[in-house]
Amino acid sequence: MDLIVAFITGVTTGGLSCLAVQGGLLASSLANQIEEDMQLQTGKGGAQVKFRPRLAQPIFLFLVAKLIAYTLLGLLLGALGSVLQLTPMMRAVLTFGIGIFMLGNGLRMLKVHPIFRYFVIEPPSALTRYIRRTSKTSTSAITTAFLGALTVLIPCGVAQAMMAVALGTGNPLQGAAIMFAFTLGTSPVFFSVAYFATRLGATVEKYFTRIVAVMVIVLGLVSIDAGLNLAGSPLSVSRMISSLGAVPAATIQNPVSAQNGFTVNVGDTGYTPKVLHLSAVKPVSLNWVTKNVRSCSLSVVVPGLDYQKVLPATGTVKMDIPAQAKGTVMRYSCSMGMYTGQLVFDLD
Amino acid sequence: MKKIFRVPDMECPNCAMHLENLEDELPGVKRIEASYKKMSMDVEFDETKLTVAQIIQAANAIGYHPEPKTA
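Below you will find a few notes about this structure. (Residues numbered from 1 in each chain as written. Chains lettered and ligands numbered in written order. Predicted model: local features only at pLDDT ≥ 70, side-chain atom pairs only at ≥ 80, totals over all residues. Heavy atoms only, no water.)

A few points about the overall build of chain A
Using the following cut-off: Each helix is a run of H or I in the DSSP string that is no shorter than four residues. Each strand is a run of E no shorter than two, and both are numbered from the N terminus. For each residue, the accessible area found with a 1.4 Å probe, counting protein chains only, is set against the maximum for its type, and the residue is called buried under 20%, exposed over 50%, and partly exposed in between. Contacts between residues were defined by any pair of non-hydrogen atoms, one from each residue, lying within 4.5 Å.
Regarding its fold elements, chain A presents nine helices and nine strands. Looking at chain A as a whole, 49% of its 348 residues are labelled buried. Nonlocal contacts in chain A, meaning residues at least 24 apart in sequence, comprise 70% of its contacts between residues at least 6 apart.

As for the overall build of chain B
Stated precisely, the cut-off is as follows: All accessible-area figures derive from a Shrake-Rupley calculation using a 1.4 Å probe, and residue coverage is judged against the displayed protein chains alone.
Summing up its helical and strand segments, chain B has three helices and four strands in all. Going from the N terminus to the C terminus, chain B shows its helices and strands as β-α-α-β-β-α-β. In chain B, which comprises 71 residues, the share counted as buried stands at 48%. Long-range pairs, those at least 24 residues apart, make up 58% of the contacts in chain B between residues at least 6 apart in sequence. For chain B, the exposed area adds up to about 3,600 Å²; of that, 49% sits on carbon and sulfur atoms.

Overview of the pairing of strand S6 (residues 307-310) of chain A
All names here are of chain A. Where we set the bar: For two strands to count as paired, DSSP must find a minimum of two bridges between them.
Bridge analysis of strand S5 (residues 299-302) against S6 gives four bridges, and the strand direction is antiparallel. Considered in S6, the bridge of valine 302 is made with tyrosine 307. The turn linking S5 back onto S6 is made up of four residues, and aspartate 306 within it adopts a positive phi angle of 50°.

Things to note about the packing of aromatic side chains
Residue and element names in this part refer to chain A. Rule in force here: Side-chain rings of Phe, Tyr and Trp, where Trp is taken by its six-membered ring, are said to pair if the distance between their centres is within 6.5 Å; with planes under 30 degrees apart they count as stacked, over 60 as edge-to-face, and otherwise as tilted.
Using the criterion set out here, one finds three aromatic pairs over all chains in the structure. With centroids separated by 6.2 Å and ring planes inclined at 70°, the aromatic side chains of tyrosine 271 and tryptophan 288 adopt a geometry described as edge-to-face. On the criterion of sequence distance, the pair formed by tyrosine 271 in strand S2 (residues 270-272) and tryptophan 288 in strand S4 (residues 284-290) is long-range, its members being 17 residues apart. Relative to tyrosine 332, the ring of tyrosine 271 has its centre 5.1 Å away and its plane inclined at 70°; by these criteria the two rings are edge-to-face. Of this pair, tyrosine 271 sits in strand S2 while tyrosine 332 sits in strand S8 (residues 328-334), and the two are 61 residues apart along the sequence.

Notes on the pattern of salt bridges
Residue and element names in this part refer to chain B. We apply this condition: The salt bridge definition used is simple: a Lys or Arg side-chain nitrogen within 4 Å of an Asp or Glu carboxyl oxygen.
Taken as a whole and judged by the stated rule, the model has three salt bridges over all chains. A salt bridge links arginine 6 to glutamate 67, with the shortest nitrogen-to-oxygen separation between them at 3.6 Å. Taken together, the residues arginine 6 in strand S1 (residues 2-6) and glutamate 67 in strand S4 (residues 67-68) connect sequence positions 61 residues apart. Residue classification places arginine 6 among the partly exposed residues on the basis of a relative accessible area of 36%.

What to know about the nonpolar core
All names here are of chain A. We count it as follows: Nine residue types can take part in a nonpolar core, namely buried Ala, Val, Leu, Ile, Met, Phe, Trp, Tyr and Cys, and a core is a set of them joined through side-chain atoms within 4.5 Å.
The biggest cluster of nonpolar side chains holds 27 residues, and the ones touching the most others in it are Tyr271, Leu286, Trp288, Tyr332, Leu343 and Phe345. Sorting the residues of this core by element identifies strand S1 (262-267), strand S3 (275-279), S4, S5, strand S7 (315-321), S8 and strand S9 (340-347) as the ones contributing at least two each. Setting aside residues up to four positions removed in sequence, tryptophan 288 forms contacts with Val264, Val266, Tyr271, Val300, Val302, Tyr307, Leu311, Gly315, Thr316, Val317, Met319 and Tyr332.

Comments concerning helix H3 (residues 52-61) of chain B
Spacing of three or four residues puts side chains on the same side of an α-helix, whose turn is 3.6 residues. Residue and element names in this part refer to chain B. Note the cut-off: Our arc is simply the arc of the directions from the helix axis toward the C-beta atoms.
Restricting attention to buried positions, one finds in H3 the residues Ile55, Ala58 and Ala59. Along the long axis of H3, the arc covered by the buried residues comes to 100°, so they all point the same way. Among the exposed residues of H3, those oriented more than 90 degrees off its buried face are Ala53, Gln57 and Ala61. Among the residues trailing H3, glycine 63 stands out with phi positive, at a value near 100°.

Comments concerning the side chain of threonine 290 of chain A
Residue and element names in this part refer to chain A. The criterion, for reference: Counted as a polar contact is a pair of N or O atoms within 3.5 Å, where, for protein atoms, one must be capable of donating a hydrogen and the other of accepting one, and residues adjacent in sequence contribute only when both atoms are in side chains.
Relative to the elements of secondary structure, threonine 290 occurs in strand S4. Polar contacts involving the side chain of threonine 290 include one to the main-chain carbonyl oxygen of proline 312, which spans 2.8 Å. In this structure threonine 290 touches Val266, Leu298, Leu311, Pro312, Ala313, Thr314 and Gly315, once residues within four positions along its chain are discounted.

Printed below as a string of structure tokens:
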């Protein structure tokens, strides 16, 4: 893939898509900076001064660390191939765990209970001492950079698609270049959204930490829900909501007959039909059909079959499913856990 | 000498780092390890050069109110 295409993909779709997944880490790191600035600028018991958090530097550090981490990941992917791919369940556990961490961090900021103090990344004293004595770098900068590098563990669907491309190059330098170009493309979007969104918040000085805390909690809950979706759990809120509108099996008319294979149409906002009824007891084939799709729905995960695939923007990908017992329900989602669907094996 | 303080007014992880900065500013301090999670600060110091009261005073000056823990 051309590096310019990778860059443009980052600017156009990667930025916002990845911000939805990784925004929580950026918010967490900015929250630390805001807390510190609030203390410095209000003088802890001294005279109140106008509160202006210094946000450009932490956002920049976060993005530089992210850029370096993804470039190194591209290097590894190019070199090591598919060995580094996470299984659907590993991805689910990781996403769920990150959600719990963010939720705890938000509750810590709201001072709900001292136990939530444990939901924070504290660099070891030895490290901060070393840094303090060897450079003028602030300790919060280390945390910010560390969190930026951590985003490599929670790539969005578009980033995963790009990682697959890096993997396919089979060349460390080409893999690194692809990931560098893509991540660089996402950076202006990240910076603009994070910077202006938080500047806006600075006008409501007194409540700002609380607003950030609530944002972190909401993102944490979204991440937990995504983790449940990725694990194929029926307990996720988004699945429960979509199941409210589910149609009984008897009324379903699948658009394509079983002889030609069943079809799921993949769109930018999810999968159609949401609930697909398939033949039970015998092997069936399922066609994932895409047409000019650009969202994370392209990266589809079916945990029950340990199946994950990055679909082409336009085309049809056939998936062979072995015979399933009548009544089997398989839940699937995009690799971010945002868009969900169900395969129900209950037709004769 | 080593003294452990409870610091109830640490509000974020950076508070621990601010307190550890005293290590470089207070003559007689050998080592400070502060923990936001435990709300505590361990200070190792030379008692011939520094007193507990002076440590508390220095922390007060940067906005914290450590209380010595009794063993």
